[in-house]
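Okay, here's what each chain looks like letter by letter:
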Amino acid sequence: MEYEYMLMRNEKETQNRYFGGRVWCVQDICGIICAVLTWSLILYAEFVVTMVILVPNPYKAYRYINFIIFNTASFLAFASHLRTMLSDPGAVPKGNATKEMIQLLGYQEGQVFFKCPKCCSIKPERAHHCSVCQRCIRKMDHHCPWINNCVGENNQKFFVLFTFYIAFISIHSIFLAVNQFCLCIKNEWRECSNYSPPATVILLLFLILEALLFAVFTMIMLGTQLNAIWTDETGIEQLKKEEARWVKKSRWKSFQAVFGNFSLSWFSPFTQPLRAKHGNYLYSV
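Cut-offs and rules
Numbering of residues starts from 1 in each chain and follows the order in which that chain's sequence is written. At least 70 in pLDDT is required for a residue's local features to be given in this predicted model, at least 80 for side-chain atom pairs to be given and counted, and no such filter applies to totals for whole chains, interfaces and linings, which use all residues. The side-chain numbers reported here are obtained from all heavy atoms of the structure, hydrogens and water having been left aside. Only DSSP runs of H or I covering at least 4 residues are called helices, and only runs of E covering at least 2 are called strands; the numbering of each starts at the N terminus. The contact definition used throughout considers only heavy atoms, calling two residues in contact when any of these lie within 4.5 Å. Remark: exposure states derive from per-residue accessible area (1.4 Å probe, protein chains only) relative to the maximum for the residue type, with buried under 20%, exposed over 50%, and partly exposed in between. Two cysteine sulfurs form a disulfide in these notes if their separation is within 2.5 Å. Lines fitted to C-alpha atoms define the axes here, with helix axes fitted over just the stretch in contact, and angles between the N-to-C directions of these axes take values from 0 to 180 degrees. Crossing handedness: left-handed means the near helix sits turned counterclockwise from the far one by under a right angle, and right-handed means the same turn made clockwise. Under the convention adopted here, Pro, Cys and the residues Ala, Val, Leu, Ile, Met, Phe, Trp and Tyr are nonpolar, Asp, Glu, Lys and Arg are charged, and Gly plus all remaining residues are polar.

(A) Spatial organisation of the environment of T234. Tracing the backbone through its elements, the reader meets T234 in the loop between α5 (197-231) and α6 (235-240). Considering only alpha carbons, one finds T234 and T224, 10 residues apart in sequence, at a separation of 9.4 Å. Excluding residues within four positions of it along the chain, T234 makes contact with R126, K139, M140, D141 and A228.

(B) Looking closely at unusual backbone geometry. A positive phi angle is found at N148, which is not glycine, with a value near 50°. Inspection of the secondary structure assignment puts N148 in the loop between β8 (142-144) and β9 (149-151). Note on N148: relative accessible area 0%, which makes it buried.

(C) Focus on the state of the cysteines. Counting across every chain of the model gives one disulfide. C184 shares a disulfide with C192; S-S distance 2.0 Å. The sign of the 100° torsion about the S-S bond sets the C184-C192 disulfide as right-handed. The two residues C184 and C192 agree in class, both being buried.

(D) Just the packing of helix α1 (residues 29-54) against helix α4 (residues 156-186), in detail. In the contact formed by α1 and α4, the axes pass within 11 Å of each other and the chain directions differ by 30°. Crossing angle aside, the handedness with which α1 passes α4 is left-handed. Between α1 and α4, the residues in contact are T38, I42, V49, V52, I53 and L54 and F162, I166, S173, L176, A177 and Q180, respectively. Taken together, the residues of the contact of α1 with α4 sort by class into nine nonpolar, three polar and no charged.

Here you go:
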């Protein structure tokens, strides 16, 4: 039987929440360093692509078209990262294992349900406890230090978009950097860049190395996330080989649960599915 679980926020509960509970941010030094490093690498790619590759290029159409494409994708990648990092992934309220809450959720006396001993909360089906966030997270897939947050029910869309846009700008960067090398070899090195030949070579080589690493990493993560949505099975559930006690959604319904009804908003980090926006959650008991 399914019951509607309305997200209930305790005003006294301030862990990982800021600005009146509107912003979620995990207090983890390692995660914050990784997030800042991610932003720094995106900014580095912006600098090299714009100032070293595109600005000196003599072909206006090539310069303007690639500038718009790269900077648009970079902005969307940055926005997706922030939304993933600063969104509540689906934290279960702490200390909600009270008689009133148990009755509100429709549990009968003697009925079996799971309680997290660390959170002292009623644990919804498919929720797992994260030792970094120090919370139980609904449909937790994994905790990612690069976003300093868990990937869960509420922010999986943003994480998928983050990996997609990073993979896109990484491949685009490799194309632009290799093309710039060919242009510089064909013409005079001093004419193809505003920087000295050694500095240009170092900047381009580091960009290619960074782009290759990010492309491989994000494409693998994108593939695993799409597979998890396709099979309606989170990364933790696949790793633990848990028996599916829940009714699996169809593949299309599973994608709709993460992205909403199909539209261009699927590719926007500024919109989220109606289900998550209103804070209504269903789980089997």
